[in-house]
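Structural overview for review
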Amino acid sequence: QVQVEESGGGLVQAGGSLRLSCVASGRTFSTLDMGWFRQAPGKEREFVAAISWAGGTTHYADSVKGRFAISRDNSESTVYLQMNSLKPEDTAVYYCAARNSMIVITDTSTSSYRYWGQGTQVTVSS
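A few words on the packing of aromatic side chains. Enumeration over the complete set of coordinates arrives at four aromatic pairs. Each ring, one from phenylalanine 37 and one from tyrosine 113, has its centre 5.1 Å from the other, and the planes form 80 degrees; the classification is edge-to-face. Taken together, the positions of phenylalanine 37 in strand E4 (residues 32-39) and tyrosine 113 in the loop between strand E9 (92-100) and strand E10 (115-116) put the pair 76 residues apart, joining distant regions of the chain. Each of the two residues, phenylalanine 37 as well as tyrosine 113, counts as buried. One aromatic cluster in this structure is built from Phe37, Phe47, Tyr113 and Trp116.

Below you can see the structure in the form of structure tokens.
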């Protein structure tokens, strides 16, 4: 069983930045692909970014490409989401998720991720 825990959410003005962190435990971190998703009130959970087990491959939703960056530190079992140029429409609960590394990185479905955190709220004010 893998436990996933996010941190780093908060309130920020439009144009500002935040960095989310996610720690995974219970399994060798370097065997897991990691992803970030978000869910705004009344909307479906949507893919944000993913990173392969070694960090060599990343994939982003078009809505965040060029503004967000995903990275990982396998020695710390941690994945990060650096969010720049934030917009009010980025407001959501952000979830970290983990899955086996055998799945193609461009599979952005929520069902392909087995382990989920509780989420952290990000609010961007205009």
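Still to come is the rest of the account.
Moving on, we come to the nonpolar core. Of all hydrophobic cores here, the largest spans 37 residues; its most connected members are Met34, Trp36, Val79, Leu81, Met83 and Tyr94. Listed by contribution, the elements that provide at least two residues to this core are strand E3 (18-25), E4, strand E5 (46-51), strand E7 (68-73), strand E8 (78-83), E9 and strand E11 (120-125). Excluding anything up to four places from it in sequence, methionine 83 contacts Gly16, Ser17, Leu18, Leu20, Arg67, Phe68, Tyr94 and Val122.

Here we take up the state of the cysteines. Under the defined criterion, the tally for this structure stands at one disulfide. Across a sulfur-sulfur distance of 2.1 Å, cysteine 22 and cysteine 96 are joined as a disulfide pair. Disulfide cysteine 22 to cysteine 96: torsion about the S-S bond roughly -80 degrees, handedness left-handed. Remark: cysteine 96 occurs in strand E9 and cysteine 22 occurs in strand E3; sequence separation between them is 74 residues.

Right, let's get into the pattern of salt bridges. Enumeration according to the criterion identifies four salt bridges in this entry. The salt bridge partner of arginine 38 is glutamate 46, with a shortest N-O separation of 2.6 Å. Note on arginine 38: relative accessible area 6%, which makes it buried. Where aspartate 90 meets arginine 67, a salt bridge forms, and the shortest distance between an N and an O atom there is 2.8 Å. Of this pair, aspartate 90 sits in the loop between E8 and E9 while arginine 67 is found in the loop between strand E6 (58-60) and E7, placing the two residues 23 residues apart along the sequence.

The subject of this paragraph is the sheet that holds E8. The strand order across the open sheet built from four strands is E1-E3-E8-E7, with neighbouring strands paired in antiparallel fashion. The sheet terminates laterally at strand E1 (3-7) and E7, the two strands that pair on one side only. Strand-to-strand twist of the sheet, defined as the mean angle between neighbouring strand axes without regard to direction, takes the value 15 degrees. The pairing of E3 with E8 spans six bridges and is classified as antiparallel. Its bridge partner lying in E8, leucine 20 is registered against leucine 81.

This paragraph deals with the side chain of glutamate 6. Within the secondary structure, glutamate 6 sits in strand E1. Buried and without a salt bridge, glutamate 6 has arginine 45 as its closest oppositely charged side chain, separated by 7.4 Å. A distance of 3.2 Å separates a polar side-chain atom of glutamate 6 from the backbone nitrogen of glutamine 118. Setting aside chain neighbours within four positions, we find glutamate 6 in contact with Ser21, Cys22, Trp36, Tyr94, Tyr95, Cys96, Gly117, Gln118, Gly119 and Thr120.

About the thresholds
Residues numbered from 1 in each chain as written. Predicted model: local features only at pLDDT ≥ 70, side-chain atom pairs only at ≥ 80, totals over all residues. Heavy atoms only, no water. Phe/Tyr/Trp six-rings, centres within 6.5 Å; stacked < 30°, edge-to-face > 60°. Helix = DSSP H or I, 4+ residues; strand = E, 2+ residues; numbered from the N terminus. Buried < 20%, exposed > 50% of the residue type's maximum accessible area, 1.4 Å probe, protein only. Core = buried A, V, L, I, M, F, W, Y, C linked by side-chain atoms within 4.5 Å. Contact = heavy atoms within 4.5 Å. Disulfide = S-S within 2.5 Å. Salt bridge = Lys/Arg side-chain N within 4 Å of Asp/Glu carboxyl O. Pairing = 2+ DSSP bridges. Axes fitted to C-alpha atoms, helices over the stretch in contact; angles between N-to-C directions. Lys, Arg positive; Asp, Glu negative; His and termini not counted. Polar contact = N/O pair within 3.5 Å; in protein donor to acceptor, adjacent residues only side chain to side chain.

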